[in-house]
Amino acid sequence: MPSVKNPNGPSKNRLIARAASLRKQRQRESALGKLEKIHKITKEDLARGARPGLLPNSGPRKALGKKAQRKLEKKLGYAIRRKMEREGLSKMEVEKVEEMMGIGKTSKKSAETEETTPATKEVEMDFS
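These figures come from a predicted structure and were not determined experimentally.

## Describing the overall build of the protein
Looking only at helices and strands, the protein has 5 helices and 0 strands in total. Moving toward the C terminus, one meets the helices and strands of the protein in the order α-α-α-α-α. Relative to its 128 residues, the protein shows a buried fraction of 8%. Contacts in the protein between residues at least 24 apart in sequence constitute 5% of all its contacts with a sequence separation of at least 6. Carbon and sulfur atoms make up 56% of the accessible area of the protein, which amounts to about 12,100 Å² in all.

## Thoughts on unusual backbone geometry
Its identity is not glycine, yet Lys40 carries a phi of approximately 60°, on the positive side. With respect to the helices and strands, the residue Lys40 is situated in the loop between α1 (12-39) and α2 (43-47).

## Considerations on the pattern of salt bridges
Side-chain pairs of opposite charge can arise whenever the charged atoms involved come near each other. Here the structure, examined in full by the defined rule, presents 2 salt bridges. The closest approach of N and O atoms between Arg48 and Asp45, which form a salt bridge, is 3.8 Å. On the basis of relative accessible area, Asp45 is assigned to the buried category, the value being 5%. Asp45 is the partner of Arg61 in a salt bridge, and the nearest nitrogen-oxygen pair spans 2.7 Å. With a gap of 16 residues between them, Arg61 in the loop between α2 and α3 (66-87) and Asp45 in helix α2 connect regions that are remote in the sequence. On the basis of relative accessibility, which here comes to 42%, the residue Arg61 falls in the partly exposed class. Within the structure, one salt-bridge network assembled from shared partners comprises Asp45, Arg48 and Arg61.

## What to know about a nonpolar patch on the surface
Residues Leu64, Leu72 and Leu76 make up a contiguous nonpolar surface patch of roughly 280 Å² in combined accessible area. Looking at the element boundaries, Leu64 is found in the loop between α2 and α3.

## Details of α1
Helix length check: α1 (28 residues) gives 40 Å between terminal C-alpha atoms against 40 Å at 1.5 Å per residue, within 8%. The positive-phi residue at the C-terminal boundary of α1 is Lys40, with phi of around 60°.

## Section: α3
Counted at 1.5 Å a residue, the expected span for α3 with its 22 residues is 32 Å, and the 32 Å between its end C-alpha atoms agrees. Positioned one or two residues after α3, Gly88 has a phi angle of 95°, which is positive.

## What to know about the environment of Arg61
Arg61 sits 16 residues away from Asp45 along the chain, and the two C-alpha atoms are 7.9 Å apart. Residues within four places of Arg61 in sequence aside, it is in contact with Thr42, Asp45, Leu55 and Pro56. Polar side-chain contacts of Arg61 include one of 2.7 Å to the side chain of Asp45.

Cut-offs and rules
Residues numbered from 1 in each chain as written. Predicted model: local features only at pLDDT ≥ 70, side-chain atom pairs only at ≥ 80, totals over all residues. Heavy atoms only, no water. Helix = DSSP H or I, 4+ residues; strand = E, 2+ residues; numbered from the N terminus. Buried < 20%, exposed > 50% of the residue type's maximum accessible area, 1.4 Å probe, protein only. Contact = heavy atoms within 4.5 Å. Areas by Shrake-Rupley, 256 points an atom, 1.4 Å probe, with all protein chains shown as cover. Salt bridge = Lys/Arg side-chain N within 4 Å of Asp/Glu carboxyl O. Patch = residues over 30% accessible without salt bridge, like charges linked within 9 Å, V, L, I, M, F, W, Y side chains within 5 Å. Expected span 1.5 Å × (residues − 1). Polar contact = N/O pair within 3.5 Å; in protein donor to acceptor, adjacent residues only side chain to side chain.

That's the geometry; what it means functionally is another story.
Listed below in structure tokens is the structure:
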């Protein structure tokens, strides 16, 4: 038997390179698993550009625009109002809850007057 290795097999350098690439691939998959576990980011969202602290650029979990957020808040407010009316709360209680949550219809003008009124009130003081 000759003491020469098989010339048809992969070279030593090729074997080392293959092992290194597999090791890198395992590290990447492990890091993705940690992202899913710790940060709750799915593979689909990762493919759409999601990272820790960033939402995906498309798909069902993408960030809403400001206008869409306002519309959604309005819809939620109306839903809460309907729910409270169904439960039988009085109109005054409903308005009080809406004020606390900032849902009710308040125009900019009325909001400005509310802010300026307490500051502009004069206080009578007795100097004697």
